[in-house]
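Below, each chain spelled out in residue letters.
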Amino acid sequence: MATGILLLTHEGVGEAMLAVAGRLLGRLPLPAEAFELPFDSSPEAALPAASAALRRVDDGDGVLVLVDVYGASPSRLAARVAQLGTPVRRVAGLSLPMLLRSFNYAEQGLDELARTAAAGGRNGVLLDDD
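Rules of the game
- Residues numbered from 1 in each chain as written.
- Predicted model: local features only at pLDDT ≥ 70, side-chain atom pairs only at ≥ 80, totals over all residues.
- Heavy atoms only, no water.
- Helix = DSSP H or I, 4+ residues; strand = E, 2+ residues; numbered from the N terminus.
- Expected span 1.5 Å × (residues − 1).
- Buried < 20%, exposed > 50% of the residue type's maximum accessible area, 1.4 Å probe, protein only.
- Contact = heavy atoms within 4.5 Å.
- Pairing = 2+ DSSP bridges.
- Axes fitted to C-alpha atoms, helices over the stretch in contact; angles between N-to-C directions.
- Arc of directions from axis to C-beta.
- Parallel < 35°, antiparallel > 145°, perpendicular 65-115°, else oblique.
- Left-handed = near helix turned anticlockwise from the far one by under 90°.

Student: Sorry if this is basic, but what is going on with helix 5 (residues 110-123) here?
Tutor: For an α-helix, 3.6 residues make a turn, and residues three or four places apart therefore share a direction. Across its 14 residues, helix 5 extends 20 Å between first and last C-alpha, which sits within 8% of the 20 Å expected from 1.5 Å per residue. Those residues of helix 5 that sit buried are Leu110, Leu113, Ala114, Thr116, Ala117, Ala119, Gly120 and Gly121. Contacts made by the buried residues of helix 5 are with strand 3 (63-67), strand 4 (88-92) and helix 4 (96-104).

Student: Would you mind going over the sheet that holds strand 1 (residues 4-10) with me for this structure?
Tutor: Hydrogen bonding along the main chain pairs the strands of a sheet, whether they run parallel or antiparallel. In spatial order, the strands read 2-1-3-4; together these 4 strands make up an open sheet with parallel pairing. The sheet terminates laterally at strand 2 (32-37) and strand 4, the two strands that pair on one side only. Neighbour-to-neighbour, the strand axes of this sheet turn through a mean angle of 20°, independent of strand direction. Bridge analysis of strand 3 against strand 4 gives 5 bridges, and the strand direction is parallel. Within strand 4, the position partnered with Val63 by the bridge is Val88. This element, helix 2 (residues 43-57), spans strand 1, strand 2, strand 3 and strand 4 of the sheet and lies at about 170° to strand 2. Those strands touched by helix 5 are strand 3 and strand 4, and its axis lies near 5° from that of strand 4.

Student: Help me understand helix 3 (residues 73-81) in this model?
Tutor: Burial in helix 3 covers these residues: Pro74, Ser75, Leu77, Ala78 and Val81. In a view along the axis of helix 3, the buried residues occupy a sector of 160°, so they form one face of it. Buried residues along helix 3 sit in contact with strand 1, strand 2, helix 2, strand 3 and strand 4.

Student: How do you make sense of the packing of helix 1 (residues 14-25) against helix 4 when you look at a structure like this?
Tutor: Helix-helix packing is described using two parameters, namely the angle between the two axes and the distance between the axes. Relative to each other, helix 1 and helix 4 sit at 50°, their axes nearing to 10 Å. As judged from the angle between their axes, helix 1 and helix 4 are oblique. Relative to helix 4, helix 1 is oriented so that their crossing is right-handed. Only Leu96, Leu99, Leu100, Phe103 and Asn104 of helix 4 make contact with helix 1, whose side of the interface consists of Met17, Leu18, Val20, Ala21, Leu24 and Leu25.

Right, here's the structure in full:
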């Protein structure tokens with residue numbers, strides 16, 4: 001079994017991130033899916049579809065939910081999804097370094113993978129002013 005990854009993002013973000021990660025890595029080593037919340041949709045209205053996406057990536061070891069902006073609608077939806085019974089860890093501030101780092105440590109369990117994702121996001125931010 002493996003930890004699944006669900007990207008809960010604004011429209012246009014999640015699918016693009018997964019596409020780039022797939023292109024760079026060749027294949028995604030963990031079950032992964034993006035659920036993009038439409039701008040005109042509420043988190044409550046999207047909950048059934050987001051829950052279905054969560055179940056599709058859950059192989060039994062839980063799901064790492066990555067959101068783009070903490071506190072925004074996708075983040076509020078992630079908080080609701082986390083209450084549905086599946087073991088979930090949420091990390092906000094989705095970036096490509098965060099996502100790639102998560103896939104590169106596919107053998108880690110849910111808790112450790114959440115810490116690795118957060119570290120990937122932090123370590124992926126550099127002031128490059130040489």
